[in-house]
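# Examination of the molecular architecture
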Amino acid sequence: MGKEDTSLALTLWDDEDALDASRPVVDRIRAETTAEQHMEILGVDEFEVLTHQLRE
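What this report covers is the structure whose coordinates are included nearby. Counting starts from 1 at the beginning of each chain's written sequence and moves along it residue by residue. Note on the predicted model: pLDDT of at least 70 is required for a residue's local features to be given, and 80 or more for side-chain atom pairs to be given and counted; whole-chain, interface and lining totals, by contrast, use all residues. Note: side-chain values were computed over all heavy atoms of the structure, leaving out hydrogens and water.

### Details of the overall build of the chain
Definition in use: Numbering of helices and strands starts at the N terminus; helices are DSSP runs of H or I of at least 4 residues and strands are runs of E of at least 2. The globule rule used here is 2.2 Å times the number of residues to the 0.38 power, and the radius of gyration it is set against is calculated over C-alpha atoms. Areas reported here follow the Shrake-Rupley algorithm with a probe of radius 1.4 Å; residue values treat only the protein chains shown as occluding. Positive charges come from Lys and Arg, negative ones from Asp and Glu, while His and the chain ends are left out of the count. In plain terms, the charge of a residue is placed at NZ if it is Lys, CZ if Arg, CG if Asp and CD if Glu.
Along its length, the chain carries 1 helix and 0 strands. What you see for the chain is a C-alpha radius of gyration of 15 Å, clearly larger than the 10 Å of a compact globule of 56 residues, by over 25%. Expressed as lengths along the three principal axes of its C-alpha atoms, the size of the chain is roughly 45 × 30 × 15 Å. Taken as a whole, the chain presents about 6,000 Å² of accessible surface, with 51% of it coming from carbon and sulfur. The positive charge centre, built from 5 side chains, and the negative charge centre, built from 15, are 3 Å apart in the chain.

Right, dumping it as structure tokens:
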């Protein structure tokens, strides 16, 4: 499978509670989109993204 045959989606949430609350909707959207596009989900991973706010 070449790069032209793959897709990547990235979504960021404010916190873990927001991520948890979005799961039912995200699962539905993922299922609908893959069915419409005749795609297969190879994996779903979750990562924590750390940020640092600079003082002004």
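Okay, back to it.
### Overview of the side chain of Ser22
Convention followed: Each polar contact in these results corresponds to two N or O atoms within 3.5 Å; when the atoms are within protein, one needs to be able to donate a hydrogen and the other to accept it, and residues that are neighboring in sequence are counted only if both atoms are side-chain atoms.
You can see Ser22 is positioned in helix H1 (residues 16–37). One polar contact links Ser22 to Trp13, side chain to side chain, over a distance of 3.1 Å.

### Comments concerning a negative patch on the surface
What counts is decided by this rule: The patches described consist of residues with a relative accessible area above 30% and no salt bridge, like charges being joined within 9 Å and nonpolar side chains (Val, Leu, Ile, Met, Phe, Trp, Tyr) within 5 Å. A pairing counts as a salt bridge when a side-chain nitrogen of Lys or Arg comes within 4 Å of a carboxyl oxygen of Asp or Glu.
A cluster of like negative charges, contributed by Asp14, Asp15, Glu16, Asp17 and Glu48, occupies part of the molecular surface. Summarising the element assignment, Glu16 is placed in helix H1.

### Remarks on a nonpolar patch on the surface
The test is simple: The buried label applies to any residue whose accessible area, calculated with a 1.4 Å probe on protein chains only, is under 20% of its type's maximum; exposed applies above 50%, and partly exposed to all values in between.
Taken together, the side chains of Leu10, Leu12 and Val49 present a nonpolar region at the surface, about 360 Å² in accessible area. Within the element layout of this structure, Val49 appears in the segment after H1. Taking relative accessible area as the criterion, Val49 reaches 53% and is therefore assigned exposed.

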